[in-house]
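Summary of structural features
Each chain is listed here by its residues.
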Amino acid sequence: QVQLVESGGGLVQAGGSLRLSCAVSGRTFTTNVVAWFRQAPGREGEFVAGTNRSGGATYYADSVKGRFTISGDIAKNTVYLQMDNLKPEDTATYYCAAALRPPTWTWVKAYTSWGQGTQVTVSS
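Residues numbered from 1 in each chain as written. Predicted model: local features only at pLDDT ≥ 70, side-chain atom pairs only at ≥ 80, totals over all residues. Heavy atoms only, no water.

Concerning the sheet that holds strand S7 (residues 68–73)
Spatially, S1-S3-S8-S7 is the arrangement adopted by the 4 strands of the open sheet, whose pairing is antiparallel. Only two strands of the sheet have a single partner each, and these edge strands are strand S1 (2–7) and S7. Taking each pair of neighbouring strands and ignoring which way they run, the sheet shows an average axis angle of 15°. (Pairing = 2+ DSSP bridges. Helix = DSSP H or I, 4+ residues; strand = E, 2+ residues; numbered from the N terminus. Axes fitted to C-alpha atoms, helices over the stretch in contact; angles between N-to-C directions.)

With respect to the state of the cysteines
Here is the idea: a disulfide is a covalent bond, and it sits between the sulfur atoms of two cysteines. As enumerated under the stated definition, the model contains 1 disulfide in all. A disulfide bridge connects Cys22 with Cys96, and the sulfur atoms are separated by 2.1 Å. On the sign convention where negative means left-handed, the S-S torsion of about 70° between Cys22 and Cys96 marks this disulfide as right-handed. Of this pair, Cys22 sits in strand S3 (residues 18–26) while Cys96 sits in strand S9 (residues 92–99), placing them 74 residues apart in sequence. (Disulfide = S-S within 2.5 Å.)

A few points about the nonpolar core
Generally speaking, soluble globular proteins have nonpolar side chains that are buried together. Among the nonpolar cores identified, the biggest contains 35 residues, and Trp36, Leu81, Met83 and Tyr94 are the most heavily contacted of them. Ranked by residues supplied to this core, first place goes to S9 with 6 residues. (Core = buried A, V, L, I, M, F, W, Y, C linked by side-chain atoms within 4.5 Å. Buried < 20%, exposed > 50% of the residue type's maximum accessible area, 1.4 Å probe, protein only.)

A short note on unusual backbone geometry
Of note, the phi angle at Asn77 is positive, near 75°, even though the residue is not glycine. One can find Asn77 in the loop between S7 and strand S8 (78–83). Residue Asn85 is not a glycine yet carries a positive backbone phi of 50°. Along the chain, the position of Asn85 falls in the loop between S8 and S9.

As for the side chain of Ser113
Inspection of the secondary structure puts Ser113 in strand S10 (residues 111–114). You can call Ser113 buried: its relative accessible area is 7%. Here the side chain of Ser113 touches Val2 through a polar contact of 3.5 Å, landing on its backbone oxygen. Excluding its chain neighbours within four sequence positions, the residues that come into contact with Ser113 are Val2, Leu4, Cys96, Ala97 and Ala98. (Polar contact = N/O pair within 3.5 Å; in protein donor to acceptor, adjacent residues only side chain to side chain. Contact = heavy atoms within 4.5 Å.)

Examining the pairing of strand S5 (residues 46–52)
Among the 7 residues that make up S5, 5 are buried, leaving the element largely enclosed by the rest of the structure. When strand S4 (residues 33–39) meets S5, the two strands line up antiparallel, connected through 6 bridges. Bridge pairing in S5 links Trp36 to Ala49. Linking two consecutive strands that pair antiparallel, namely S4 and S5, is a turn of 6 residues; a positive phi of about 75° is found at Gly42 within it. As judged from the 3 bridges shared by S5 and strand S6 (residues 58–60), these two strands associate in the antiparallel manner. When the bridges of S6 are listed, Gly50 appears paired with Tyr59.

What follows is the structure in structure tokens.
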């Protein structure tokens with residue numbers, strides 16, 4: 001079992017920045033991918049960004065490409081999501097999730113461990 005704990009959420013004005021952290025612990029050798037997802041009230045959850053074990057491969061949703069950066073190292077137990085130029089539509093609860101070998105970055109069912117989430121609110 002892998003445990004994931006997010007931190008770093010908060011309230012920020014549009015155009016501002018936040019950095020989310022995901023602490024990964026437990027059987028981390030079963031994890032090859034860590035990704036961030038988000039869910040806003042009344043909306044479907046969506047993939048935001050993902051990274052592989054070494055951090056050498058990353059993937060982003062089109063909606064955040066160029067504004068968000070995922071980094072970190074699963075082997076070193078922490079993955080980050082740097083969010084710049086935030087927009088009100090980025091307001092959501094952000095979750096980090098772990099997968100062994102997802103067939104695609106965005107396939108939610110492949111992610112078997114999830115954190116409790118951290119709230120990000122962007123005011124206009």
